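Report on the structure
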Amino acid sequence: MKVPFLSFTPQNQAIRTPVLEAMSRVFDSQWYVLGEAVKQFEAEYARFSTTTECVGVANGLDALHLALKALDIQQGDEVIVPSNTYIATWLAISFVGATPIPVEPNPATYNLDPALLEAAITPRTRAIMPVHLYGQACEMAAIMAIAKRHNLYVIEDNAQSQGATYQGGITGSFGDVNATSFYPGKNLGALGDAGAVTTSNADLAKKVRTLRNYGSQQKYYNEVIGHNSRLDELQAAVLSAKLPMLMEWTGQRQQVAALYNEQLADIPDLHLPIVAAGATHVYHLYVVRTSRRDELQKYLTEQGIGTLIHYPIPPHLQQAYRSMNFKVGDFPIAEELATTCLSLPMWPGMTEVEVKVVADAVHTFFKS
Ligand SMILES: *Cc1c(COP(=O)(O)O)cnc(C)c1O
């Protein structure tokens, strides 16, 4: 039996009718950019995020970029970022001319290690960008306390963790201004690119709203040099139709993770995901680690089982950042993760049989 890395089949079946109805309402409305569907989704996603504001934008990278821009972070500023994140977090910092300052993750949770933060702070530091990687909330109490002590902004990269919590607070509500992505494969996915900024600061929300629409609040009056980064009506309507299902789908992801945890627990050279005290994990990805990663991936591919590596090259070793002169060994935890991590199939509605096929194949591999 083949098992893909990701299937939209159960999700799409569950919301086929409401999504297609929502799309035809937009079609019939004859209003396709910045209309009622965007307004409605922004209100719903703000409520979900327990923030007063949500601003829909074109994608997650733009959400990060416009969040930094709204905070007036610029050339000469430093922004602390995980050494092991998806490159988007770093790119957003580079877009505003600031310098990404990598900090290593906790090797058990893969999230920013609060104990290492203070050593990275300099007089130029303006902000910390925690990334709730793979779906697990960062240790936000410690991160917020450090930010407060040093008068730094916090911008959460919440692209992978919609609905995760830390000590009861939902991700995307802790930072001054936070970014998320509705890329199709994310836990709340659109049918194309989409993203949002969440904040409870009305002034920052207004800045992002202006920046996403040509730097203009009133048509043809441009206050700042803005962007065209709007969430479109069709995607907003799709997201509104899917949002009511998100926590049910999250529960299904957590069930899949629990089955994997149970069935893979007895393999010595296989590290399973660990959830930090106070945090919840929404399993955007189910990531295991092994020193035999490449062989395991090859074996699973031969068995028809899809896997991916998140991520094979840490940002500091990417060609794009060669001008920063980082070298191998500079961020050993991120580098170790890049060579040992493997994401197993995971999607809401993945069946027990499918999980067992994957787990059995992993067992067979380790017996060889
Ligand atoms: C997906 C992702 C982004 C970027 O989102 P896009 O919508 O693809 O631009 C940013 N950060 C992280 C951690 C992501 O996983």
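Residues numbered from 1 in each chain as written. Predicted model: local features only at pLDDT ≥ 70, side-chain atom pairs only at ≥ 80, totals over all residues. Heavy atoms only, no water.

Per an unreviewed UniProt entry, the chain goes by DegT/DnrJ/EryC1/StrS family aminotransferase and derives from Hymenobacter elongatus. Per UniProt, the chain has the following entry under Sequence similarities (unreviewed entry): "Belongs to the DegT/DnrJ/EryC1 family." (UniProt positions renumbered as here; feature names shortened; annotations may be inferred.)

Scanning the entire structure with this criterion turns up 13 salt bridges. The partner of R209 in a salt bridge is E42, and the shortest N-O contact between them spans 3.0 Å. On the criterion of sequence distance, the pair formed by R209 in helix α7 (residues 202–212) and E42 in helix α2 (residues 36–49) is long-range, its members being 167 residues apart. Owing to a relative accessible area of 7%, E42 belongs among the buried residues under this scheme. Here R209 ties to E53 by a salt bridge, and the two come within 3.2 Å at their closest N and O atoms. With a gap of 156 residues between them, R209 in helix α7 and E53 in strand β1 (residues 53–57) connect regions that are remote in the sequence. For R209, a relative accessible area of 28% translates into the label partly exposed. Because the salt bridges share partners, they merge into one network encompassing E42, E53, R209 and R212. (Salt bridge = Lys/Arg side-chain N within 4 Å of Asp/Glu carboxyl O. Helix = DSSP H or I, 4+ residues; strand = E, 2+ residues; numbered from the N terminus. Buried < 20%, exposed > 50% of the residue type's maximum accessible area, 1.4 Å probe, protein only.)

Here we come to the sheet that holds strand β3 (residues 99–103). In spatial order, the strands read β3-β2-β4-β5; together these four strands make up an open sheet with parallel pairing. Of all strands in the sheet, those with a lone pairing partner are β3 and β5 (153–154), marking the two edges. (Pairing = 2+ DSSP bridges.)

Time to look at the UniProt feature "active site" (unreviewed entry) in the chain. According to UniProt, the feature "active site" (unreviewed entry) maps to K186 in the numbering used here. Mapped onto the secondary structure, K186 falls in the loop between β8 (178–181) and β9 (195–199). Taking the relative accessible area as the measure of exposure, K186 reaches 15% and is therefore buried. With residues near it in sequence (within four places) discarded, K186 still touches A159, Q162, S181, R253 and H284. (Contact = heavy atoms within 4.5 Å.)

Within the fold, R212 resides in helix α7. Since its relative accessible area comes to 6%, R212 is described here as buried. Within polar-contact distance, the side chain of R212 engages the backbone oxygen of G56 at 2.8 Å. Beyond its immediate chain neighbours, meaning those up to four positions away, R212 contacts L34, V38, E42, V55, G56, V57, L66, H227, N228, S229 and R230. (Polar contact = N/O pair within 3.5 Å; in protein donor to acceptor, adjacent residues only side chain to side chain.)

Turning next to the domain arrangement of the chain. What the domain assignment reports for the chain is domain 1 (9–244) and domain 2 (245–367). For domain 1 and domain 2, the distance between their C-alpha centres works out to 24 Å. Residue-level contacts link 41 residues of domain 1 with 37 residues of domain 2. Summing both partners gives a buried area of about 3,500 Å² for domain 1 against domain 2, and 64% of it is carried by carbon and sulfur. In terms of surface lost to domain 2, no three residues of domain 1 exceed Y110, Y134 and N187, which account for 21% of the buried area on that side. Scanning the region where domain 1 abuts domain 2 turns up zero salt bridges. Mapped by element, the contributors of at least two residues to the side of domain 1 that touches domain 2 are α1 (9–29), α4 (87–95), β3 and β6 (165–166). Per-class residue counts for the side of domain 1 that touches domain 2 are 21 nonpolar, 17 polar and three charged. (Domains from an automatic or database assignment. Buried area = accessible area lost by both parts, 1.4 Å probe. Nonpolar A, V, L, I, M, F, W, Y, C, P; charged D, E, K, R; others polar.)

For the rest of this paragraph, the subject is the sheet that holds β8. With respect to topology, three strands assemble into an open sheet ordered β1-β9-β8, the strand pairing being antiparallel. In this open sheet, the two edge strands, each paired with only one partner strand, are β1 and β8. Ignoring strand direction, the axes of neighbouring strands in this sheet form an average angle of 25°. One ladder, built from five bridges, connects β1 with β9; its direction is antiparallel. (Axes fitted to C-alpha atoms, helices over the stretch in contact; angles between N-to-C directions.)

The next subject is the site of the ligand. Taken together, the residues surrounding the ligand are N59, G60, L61, L64, Y86, A88, V131, D157, A159, Q160, S181 and K186. One nitrogen or oxygen atom from the main chain of G60 is found 2.7 Å from an oxygen atom belonging to the ligand. Contact with the protein chains covers 91% of the free accessible surface of the ligand, which is 380 Å². Ranked by residues supplied to the shell around the ligand, first place goes to helix α3 (residues 60–70) with three residues. (Near = heavy atom within 4 Å. Areas by Shrake-Rupley, 256 points an atom, 1.4 Å probe, with all protein chains shown as cover.)

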